[in-house]
Amino acid sequence: MQDHILIRYGELALKKSNRNQFINRIISNIKRNLKDYQDLSYENRSLRFYIHLNGTNPDKLIEILKTIPGIHSFSIVSKTLETIDDVSILCKTLLEEELKNNTNLTFKIETNRGDKDFPMSSLEISKEVSIYLFRNIPNLHADMHNPDVTINIDFRKEGAFVYTNVIEGMGGMPSGTIGKASLMISGGIDSVVAGYLALKKGIQLDCIHFASPPYTSSNAVQKVIDLLEVLTKYTEYQNINLYIVPFTTIQKKIYEVVREDYGITIMRRMMYIIAEKLSIKLHNIAIINGENIGQVASQTLESMATIEEVCTMPIIRPLATLDKLDIVKIAKDINTFPISIRPYEDCCTVFVPKHPQIRPNKEYSKKEESLFDYEHLIDEAVQNVEKITLYSDKHHLYIGEENIF
Ligand code: ATP
Ligand code: MG
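Residues numbered from 1 in each chain as written. Chains lettered and ligands numbered in written order. Predicted model: local features only at pLDDT ≥ 70, side-chain atom pairs only at ≥ 80, totals over all residues. Heavy atoms only, no water.

A. A look at the coordination of the magnesium ion (ligand 2). Protein-derived ligands of the magnesium ion (ligand 2) are Asp190 (OD) and Gln295 (OE1), with the metal-ligand distances lying across 2.1 Å. Note that aspartate 190 is positioned in helix H5 (residues 190-200) and glutamine 295 in the loop between strand E13 (287-288) and helix H9 (301-308), a separation of 105 residues in sequence. Judged by relative accessible area, aspartate 190 falls into the buried class, the value being 9%. (Donors = N, O, S within 2.8 Å, 3.2 Å for Na, K, Ca; no water. Helix = DSSP H or I, 4+ residues; strand = E, 2+ residues; numbered from the N terminus. Buried < 20%, exposed > 50% of the residue type's maximum accessible area, 1.4 Å probe, protein only.)

This is the structure we're talking about:
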């Protein structure tokens, strides 16, 4: 009966000029994600895509489809001939199925006539089918405003499709159509959510984490790995590269020589310089982080301006204006929250001054930086970056490989 999945594209429908390129990309992403289900076959129609189940149980497929950026929504549908009689019979069967669970349910029919050559209007189709249902199912109740079940009928040239469910997809844009950026990832709540929102927009990610052993433990890195494993399922090829920057020497130096209230400002300037250098080597065109306006001293507008002046690359802050509660909600929805709240020290929390600057000055920051040979330390840190490639079901470890770039 329910023999197809109908996929709807979201905002990419608006992108007229490169629509085809986007659609081809999302279709190849869908096929790659479902490659283990060999009985499926596919049908591409304008702005819609059908998966023929050919007997495959759709439950597992539903979970996978929810992780593919660019899918707006999808439905498990039944297909029949594009005639009122065939559609009426199919609607009766579907409705009777629903009535088994609730004999008092109310229904409504909604028709979409994609085939403009069909000689009846949407309203006429809905009416005809409703009349048939009332004649053939006893004690049936319609409710136009708040029905328990909406039967959707889609009249298309390729056939008529009937369904009662609409499953929300991830939305956004297909992976691989927007370009690649670097995500600054900590073990906290925010940055992984920023990464998720970037992936949803179709951006590919390399991740950069600053570690300060022994002040931060290997558990802190493990936390980042666990967070990123969650994100891999939203990526095009189910993998993410993580670059771990040894940051201890720089942090200690800052702690020793920089005026205490400027410690965080300078530390974040160093992070940005390193993130930009790595991004250039990785051919990434932007830096993404989890900064949120006003959250802490280093995230006031003045701090952001003073910190980001060390870079020329665009800095994207997907969470900039969100409330923390909304960020937490996303973190809970994608299941990163329980990992993020595990209690391990992050490099930012180790050397925190009592009263960090909330209005750091650019000139003064440069003066403080000139107190140590940071360029040399930065080059050394970049040379000693470690790379870990994470896959959604397993991870490979490459530690201290030479010339990873
Ligand atoms: P929290 O939920 O605790 O705020 P956070 O990851 O947002 O976690 P912040 O101190 O607010 O932590 O840092 C702001 C941003 O700076 C982060 O979202 C992240 O993008 C980046 N960042 C912080 N610490 C690190 C780190 N150790 N490695 C890489 N990026 C970091
Ligand atoms: Mg934060």
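B. Main features of the layout of surface pockets. Volume-wise, the second largest pocket comes out at about 490 Å³. Around the second largest pocket, the lining is made up of 19 residues, and of these Lys66, Tyr196, Tyr234, Asp333 and Ile334 lie nearest the centre. Going through the elements one at a time, H5 and helix H10 (324-333) are the ones with two or more residues in the lining of the second largest pocket. Per-element accounting of the lining of the second largest pocket gives the leading share, four residues, to H10. The residue inventory of the lining of the second largest pocket, partitioned by class, reads seven nonpolar, four polar and eight charged. (1 Å grid on protein atoms, 1.4 Å probe; cavity = no way out; pocket = protein on both sides within 12 Å on 5 of 7 lines; lining within 4 Å. Points joined across faces, edges and corners; volume = space filled by probe spheres on them. Nonpolar A, V, L, I, M, F, W, Y, C, P; charged D, E, K, R; others polar.)

C. Representation of helix H14 (residues 374-383). For H14, the full list of buried residues reads Tyr374, Leu377, Ile378, Ala381 and Val382. Along the axis of H14, the buried positions cluster into a sector of 135°, meaning they face one direction only. Those residues of H14 that are exposed and angled more than 90 degrees off the buried face are Glu375 and Gln383. (Arc of directions from axis to C-beta.)

D. Broad picture of the site of ligand 1. Taken together, 21 residues sit near ligand 1, with Met184, Ser186, Ile189, Asp190 and Arg268 positioned nearest. With respect to ligand 1, the side chain of histidine 209 contributes an N or O atom lying 3.5 Å from a nitrogen atom. Backbone polar atom of glycine 290 to an oxygen atom of ligand 1: 3.0 Å apart, as the coordinates give it. For ligand 1, whose free accessible area comes to 580 Å², the fraction covered by protein is 87%. When contributions to the shell around ligand 1 are tallied by element, the ones reaching two or more residues are H5, strand E11 (204-211), helix H8 (263-281) and helix H12 (347-350). Of the residues forming the shell around ligand 1, the biggest block, three residues, is contributed by E11. Of the residues assigned to the shell around ligand 1, the class counts are eight nonpolar, eight polar and five charged. (Near = heavy atom within 4 Å. Polar contact = N/O pair within 3.5 Å; in protein donor to acceptor, adjacent residues only side chain to side chain. Areas by Shrake-Rupley, 256 points an atom, 1.4 Å probe, with all protein chains shown as cover.)

E. The arrangement of the nonpolar core in detail. Counting residues in hydrophobic clusters, the biggest one holds 38 residues, and the most contacted among them are Leu183, Ile185, Leu228, Leu231, Leu242 and Ile288. Of all the secondary-structure elements, those providing two or more residues to this core are strand E10 (180-184), H5, E11, helix H6 (218-232), strand E12 (239-246), H10, helix H11 (337-340) and strand E15 (386-391). Take this core: its biggest share by element is seven residues, from H6. Setting aside residues up to four positions removed in sequence, isoleucine 185 forms contacts with Ser191, Val192, Cys207, Ile208, His209, Val224, Leu228 and Leu242. Core analysis: the second largest hydrophobic core is formed by 32 residues, Ile250, Met270, Tyr374 and Ile378 among them. (Core = buried A, V, L, I, M, F, W, Y, C linked by side-chain atoms within 4.5 Å. Contact = heavy atoms within 4.5 Å.)

F. Representation of the packing of helix H7 (residues 248-257) against H14 in the model. Taken N-terminus to C-terminus, the directions of H7 and H14 make an angle of 155°; their axes are 9 Å apart at the nearest point. Between H7 and H14, the angle falls in the class roughly antiparallel. Only Leu377, Ile378 and Ala381 of H14 make contact with H7, whose side of the interface consists of Thr249, Ile250 and Lys253. (Axes fitted to C-alpha atoms, helices over the stretch in contact; angles between N-to-C directions. Parallel < 35°, antiparallel > 145°, perpendicular 65-115°, else oblique.)

G. Main features of unusual backbone geometry. Cis peptide bonds are those with omega within 30 degrees of zero, and the linkage from proline 213 to proline 214 qualifies with 0°. Summarising the element assignment, proline 214 is placed in the loop between E11 and H6. For glutamine 238, which is not a glycine, the phi torsion comes out positive at approximately 60°. The residue glutamine 238 is located in the loop between H6 and E12 in this model. Look at glutamine 238 and you get partly exposed, because its relative accessible area is 24%. Its identity is not glycine, yet histidine 283 carries a phi of approximately 60°, on the positive side. Here histidine 283 lies in the loop between H8 and E13.

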